[in-house]
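Next come the chains, spelled out residue by residue.
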Amino acid sequence: MTNVVLVTGASRGIGAATARLAGARGYAVCVNYLASPDAAKAVARHVEEAGGKAMTFQADTASEDDVVRMFAAVDERFGPLTALVNNAGITGGAHAVADVDCEMLRRVFDVNVVGCFLCAREAVRRMSTKNGGAGGAIVNVSSMASRIGGAGEWVHYGASKGAVDTLTIGLAREVADQGIRVNAVSPGLIDTDIHAAAGFPDRLEKLAPNVPMKRGGSPEEVAETVLWLMSEAASYVTGVIVPVSGGR
Ligand code: NAP
């Protein structure tokens with residue numbers, strides 16, 4: 001049976017590195033994106049040129065209709081899903097709690113929390129041995145911000161990732177006897193576009209001295225941990241949140 005993975009937010013950053021590595025490890029990969037079709041196609045091309053199978057799918061993970069259509073498209077193209085990487089996420093930009101705007105807050109929670117729940121729901125419906133599925137693995141991409149709180153930058157974002165941590169622990173226990181493992185990675189400071197998008201193009205250089213390893217991480221370093229959690233090598237691991245953070 002082919003391993004099939006859906007990686008949300010896979011056009012750039014950690015999601016793109018995860019999709020490329022999954023393709024190299026023999027997974028058929030669905031590269032989801034929101035607004036960067038060319039970047040998503042480049043990730044899919046990379047997988048195909050290395051001999052793998054890939055498709056792209058535009059969907060806003062915060063939209064129930066989009067998510068339902070996306071999972072159906074993966075069923076049709078590749079057959080039963082064996083892994084989901086809930087990676088799509090946004091910071092909402094830097095705002096003190098005293099200044100948060102309700103629309104921004106709702107969008108951050110819609111993408112980072114509601115989107116993860118909707119994708120997890122669709123994955124569990126397909127994977128659960130209770131429904132005749134063959135089991136599978138879900139990896140959520142959380143953030144160290146859930147532990148350190150994001151003070152002065154993005155408490156709203158840290159709080160949304162706190163919900164992702166709780167989803168990971170709770171869902172893992174809920175479906176542990178249905179053949180599904182649910183884990184998370186908790187990246188620290190990783191070299192992607194997310195910092196510039198939040199208005200801090202030099203955030204990595206500025207904050208790297210505070211990291212025990214004195215450097216930011218690469219998306220590929222996070223992808224390696226995601227792929228390990230997806231794999232049979234982690235067959236007795238569920239409900240854990242693995243920091244990938246250079247010792248923070
Ligand atoms: P990034 O470089 O900004 O890429 C974000 C990706 O998510 C893009 O592919 C984007 O698609 C997609 N996306 C955003 N909103 C979406 C939506 N509503 N529906 C579908 N796709 C959507 O981000 P990143 O740094 O790789 O972050 C990936 C994950 O890691 C996020 O959950 C983030 O919170 C987490 N994380 C990152 C860091 C870090 O330092 N980089 C640290 C901790 C946690 P388009 O290209 O189409 O816009």
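For the structure itself, consult the block above.
Described in the following lines is the structure provided in the data block. Note that this is a predicted model, so its numbers are computed, not measured.

1. Details of the sheet that holds strand S7 (residues 241-244)
Piece 1. Taken together, the seven strands give an open sheet; going across it, the order is S3-S2-S1-S4-S5-S6-S7, and neighbouring strands pair in parallel fashion. Each having just a single partner strand, strand S3 (54-58) and S7 make up the two edges of the open sheet. Across the sheet, the mean angle separating the axes of adjacent strands is 20° when strand polarity is ignored.
Piece 2. Alignment of strand S6 (residues 180-187) against S7, held across four bridges, turns out to be parallel. The residue bridging serine 186 from the neighbouring strand is proline 243, located in S7.
Piece 3. Against the sheet, helix H4 (residues 102-127) contacts strand S4 (83-86), strand S5 (136-141) and S6, and its axis sits at roughly 175° relative to S4.

2. Re the environment of tryptophan 228
Piece 1. The residue tryptophan 228 is located in helix H9 (residues 219-230) in this model.
Piece 2. The exposure class of tryptophan 228 is partly exposed, given its relative accessible area of 36%.
Piece 3. A sequence separation of 69 residues divides tryptophan 228 from alanine 159, and the C-alpha atoms of the two residues are 26 Å apart.

3. What to know about the packing of H4 against helix H6 (residues 155-175)
Piece 1. The contact between H4 and H6 brings their axes to 9 Å, and the two run at 15°. With respect to H6, the element H4 is oriented roughly parallel. Considering the relative orientation of H4 and H6, their crossing is right-handed. Residues Met104, Leu105, Val108, Phe109, Asn112, Val113, Cys116, Phe117, Ala120 and Val124 of H4 form the contact with H6, whose own contacting residues are His156, Tyr157, Ala159, Ser160, Lys161, Ala163, Val164, Leu167, Leu171 and Val175.

4. Quick notes on the packing of helix H1 (residues 13-24) against H9
Piece 1. Relative orientation of the contacting elements H1 and H9 amounts to 55°, with a least axis distance of 8 Å. Classified by the angle between their axes, H1 and H9 sit oblique to one another. As for the relative orientation of H1 and H9, their crossing is right-handed in sense. Across the interface between the two elements, Gly13, Ile14, Ala17, Thr18, Arg20, Leu21 and Ala22 of H1 pack against Pro219, Glu220, Val222, Ala223, Glu224, Val226 and Leu227 of H9.
Piece 2. When grouped by side-chain class, the residues that make up the contact of H1 with H9 number nine nonpolar, two polar and three charged.

5. Description of the state of the cysteines
Piece 1. The full count for this structure, using the stated rule, is zero disulfides.
Piece 2. In this structure cysteine 116 is not part of a disulfide, and its nearest cysteine sulfur, from cysteine 119, lies 7.1 Å away.

6. Observations regarding the nonpolar core
Piece 1. Grouped together as the largest cluster of nonpolar side chains are 31 residues, with contacts concentrated most on Val5, Tyr27, Val29, Val31 and Met230.
Piece 2. At the level of secondary structure, the elements contributing two or more residues to this core comprise strand S1 (4-7), H1, strand S2 (28-33), helix H2 (37-49), S4, S5 and H9.
Piece 3. Each residue touching valine 29, except ones within four places of it in the same chain, is listed here: Val5, Val7, Ala19, Ala22, Gly23, Val47, Lys53, Ala54, Met55 and Phe78.

The rules behind these values
- Residues numbered from 1 in each chain as written.
- Predicted model: local features only at pLDDT ≥ 70, side-chain atom pairs only at ≥ 80, totals over all residues.
- Heavy atoms only, no water.
- Pairing = 2+ DSSP bridges.
- Helix = DSSP H or I, 4+ residues; strand = E, 2+ residues; numbered from the N terminus.
- Axes fitted to C-alpha atoms, helices over the stretch in contact; angles between N-to-C directions.
- Contact = heavy atoms within 4.5 Å.
- Buried < 20%, exposed > 50% of the residue type's maximum accessible area, 1.4 Å probe, protein only.
- Parallel < 35°, antiparallel > 145°, perpendicular 65-115°, else oblique.
- Left-handed = near helix turned anticlockwise from the far one by under 90°.
- Nonpolar A, V, L, I, M, F, W, Y, C, P; charged D, E, K, R; others polar.
- Disulfide = S-S within 2.5 Å.
- Core = buried A, V, L, I, M, F, W, Y, C linked by side-chain atoms within 4.5 Å.

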